Amino acid sequence: MNEENYDVVVVGAGPAGSLTARTAAEKGLDVLLIERNPEIGVPVRCAEGVTKEIEQFVEIEHRWVCAALKGMILYGPDGTEVRLSVADTEEMGYVVDRRLFDKSLARKAAQAGAEVRVKTQAFGVIHEEGYVKGVYANAAGENIRIRADVVVGADGVESRVGRWGGIDTRLSLADIGICAQFLMCDIEVNGDYFETYFGEHIAPKGSAWVFPKGEDSANVGLGISGDVSTEKHRALDYLNAFVTTKFPNGEILAEIYGAVPLSGPVYETVANGLVLVGDAARHVNPVNGGGILQALKGGALAGDVIAKAVEEKNVSKRRLMEYERRWRREFGRVLAAGLKMKNILVGLSSRELTHFFHSLAGEIELKEYSERACMKEIVKKNPTLLFSLLRMIL
């Protein structure tokens, strides 16, 4: 078996993996970024909505922006509208083309000095003296041993890299969002807003969304909790019903299926010689299923910590825990608050959820948009129902 040597090998070229690879390479490390699929960004398993907060980490490229939106509209079970916007700005966020977006991030990693390799799938990790020391991989049919001081698991839901490294990344059904999405055209969409729909009849323990991608096209999707998904009540079944009602004459150009971790951060994301980022670290806000921003933030933090640890020749779990502390300080409380909010909302009856939306109805203008600011405004509008969140997000 051929052997290769790097300072860092990153498994998975999504946003978290690419940002980790880029940051580590910018700091002088010899980095290999591997992706099992033949094309980065494909298949797409995402609603493709992001907020302007990503501008902290990436330069916006118009070629991968499908739509710039000025706000979002949330619909309650009876159609009650809650409209969110940001004062003194024309844009709250974007709908992106993930194929182009992910490729752009990987290209930036390559430009920083990382080697990027597709059609390379990890099938195990190298263990030596209590440390993860690299991965075994198959590259276009050939098995190779890739040795590295640090392995980064950016391999998504229920990370296999994490399990091989000794972290239990399994999820219960209640902690998984099962999603189905259509790319549709020939439909009338609100081109200025993200739209999200709530209600037991629409998406039990979940929500539906319409994210515009052009004048007459949009990502129309839906996610439900894994513990309510049954043979005749799948996410696809609910999506078909939603589309039949809302866009009966629309055309379906593509179908997308996937799963999202909604447990919040429940395990340590480092071990000796191992770091988890993105979905593998469960860096997804449970209340909305969004994870791109956390992927970018976590990837940048991971790359920085790894670079220092490798330079110090100390990649122990204790040293790498700096990453754990920093991401928990940076966005851990938002994820924890999102989990608590999700648990409150999914526990409401249809009548209670309708009442909740009535308490929020109308326009909510934020001074600036962030997930934290958005949740704070919701708490202010409904302090009795969500009082238990106050200490976590204020």
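Each chain carries its own residue numbering, running from 1 in the direction its sequence is written. Restriction of local features to residues with pLDDT of at least 70 applies here, the model being predicted, together with a cutoff of 80 or more for giving and counting side-chain atom pairs; totals for whole chains, interfaces and linings are based on all residues. Excluded from the side-chain calculation are hydrogens and water; included are all heavy atoms of the structure.

Our next topic: the environment of R107. Here a helix means four or more residues in a row that DSSP labels H or I, a strand means two or more in a row labelled E, and each is numbered from the N terminus. Inspection of the secondary structure assignment puts R107 in helix α2 (residues 98-111). Buried means the residue's accessible area, taken with a 1.4 Å probe over protein chains only, is under 20% of the maximum for its type, while exposed means over 50%, and partly exposed covers the values in between. Given a relative accessible area of 32%, R107 falls into the partly exposed group. Sequence separation between R107 and R22 is 85 residues; the distance between their C-alpha atoms is 9.1 Å. Contacts of R107, omitting those with residues within four sequence positions, involve E61 and R63. Here a residue-residue contact requires only that any non-hydrogen atoms of the pair lie within 4.5 Å.

On to the sheet that holds strand β16 (residues 251-261), then. At least two DSSP bridges between two strands are needed for those strands to be called paired. The strand order across the open sheet formed by eight strands is β16-β12-β15-β14-β13-β5-β6-β19, and the pairing between neighbours is mixed. Each edge of the open sheet is held by one strand with a lone partner, namely β16 and β19 (362-366). Each strand axis lies, on average, 20° off the axis of its neighbour in the sheet, ignoring direction. Both strand β5 (residues 71-75) and strand β6 (residues 81-86) contribute to a ladder of five bridges, which runs antiparallel. Bridge assignment links Y75 to a residue of β6, and that residue is E81. With axes taken as lines fitted to C-alpha atoms, and helix axes fitted only over the stretch in contact, angles between N-to-C directions fall between 0 and 180 degrees. With respect to the sheet, helix α4 (residues 235-246) is in contact with β12 (176-185), β13 (193-197), β14 (207-212), β15 (218-225) and β16, its orientation differing from that of β12 by roughly 35°.

This part covers a negative patch on the surface. Any residue with relative accessible area above 30% and no salt bridge may belong to a patch, with like charges joined within 9 Å and the nonpolar Val, Leu, Ile, Met, Phe, Trp and Tyr side chains within 5 Å. Surface accessibility follows the Shrake-Rupley procedure with a 1.4 Å probe radius. Residue values consider only the protein chains on display as shielding. We define a salt bridge as a side-chain nitrogen of Lys or Arg found within 4 Å of a carboxyl oxygen belonging to Asp or Glu. None of His or the chain ends enter the tally, which takes Lys and Arg as positive and Asp and Glu as negative. Charge positions come from single atoms, namely NZ of Lys, CZ of Arg, CG of Asp or CD of Glu. The grouping of D186, E215, D216 and E251 at the surface amounts to a negative patch. Along the polypeptide, E251 turns up in strand β16.

The tally for this structure, following the rule as stated, stands at 27 salt bridges. A salt bridge links R328 to E324, with the nearest nitrogen and oxygen atoms 2.7 Å apart. With R328 and E324 both in helix α6 (residues 317-346) and four residues apart, this pair spans about one turn of that helix. Overall, the relative accessible area of 34% leaves R328 in the partly exposed class. Residues participating in the shared-partner salt-bridge network are K27, D304, K308, E312, R319, E322 and R326.

We now examine the environment of Y257. Here Y257 is to be found in strand β16. Residue classification places Y257 among the partly exposed residues on the basis of a relative accessible area of 37%. In this structure the C-alpha to C-alpha distance between Y257 and G221, which are 36 residues apart in sequence, comes to 9.4 Å. Dropping the residues within four chain positions of it, Y257 is found in contact with R45, C179, A180, F182 and L236.

With that settled, consider the nonpolar core. Residues belong to one nonpolar core when they are buried, are Ala, Val, Leu, Ile, Met, Phe, Trp, Tyr or Cys, and are joined through side-chain atoms within 4.5 Å. In this structure, V31, V275, I306 and Y323 are the most contacted members of the largest nonpolar core, which totals 58 residues. In terms of residue count, helix α5 (residues 292-311) provides more of this core than any other element does, eight residues in total. Apart from the residues within four sequence positions on either side, Y323 is in contact with T269, V270, V275, L276, V277, A281, H283, G298, L301, A302 and V305. In terms of nonpolar packing, the next biggest core, distinct from the first, is built from 32 residues, M72, V82, F194 and A337 among them.

Moving on: a positive patch on the surface. A cluster of basic residues, R36, R45, R160 and R163, forms a positive patch on the protein surface. Relative to the assigned elements, R45 resides in the loop between β2 (31-34) and β3 (49-51).

Below, the discussion takes up α5. A rise of 1.5 Å per residue sets the reference length of α5, with its 20 residues, at 28 Å; its end C-alpha atoms lie 29 Å apart and thus fit the reference within 8%. In terms of residue burial, α5 counts as a mostly covered element, since 18 of its 20 residues are buried. To estimate how far a helix should reach, multiply one less than its number of residues by 1.5 Å.

The next point concerns the sheet that holds strand β4 (residues 65-69). One open sheet holds the three strands; their spatial order is β3-β7-β4, and the pairing between them is antiparallel. Unpaired on one side and paired on the other, β3 and β4 mark the two borders of the sheet. In this sheet, adjacent strand axes meet at a mean angle of 25° when their direction is disregarded. The sheet contact formed by β3 and strand β7 (residues 93-96) spans three bridges and is antiparallel. Directly across from G49, in β7, lies its bridge partner V95.

Here the focus is the pairing of strand β9 (residues 120-128). Two elements, β9 and strand β10 (residues 131-139), share seven bridges in a ladder whose sense is antiparallel. Looking across to β10, one finds that Q121 is bridged to N138.

Limitation: the analysis is restricted to geometry and does not speak to function.
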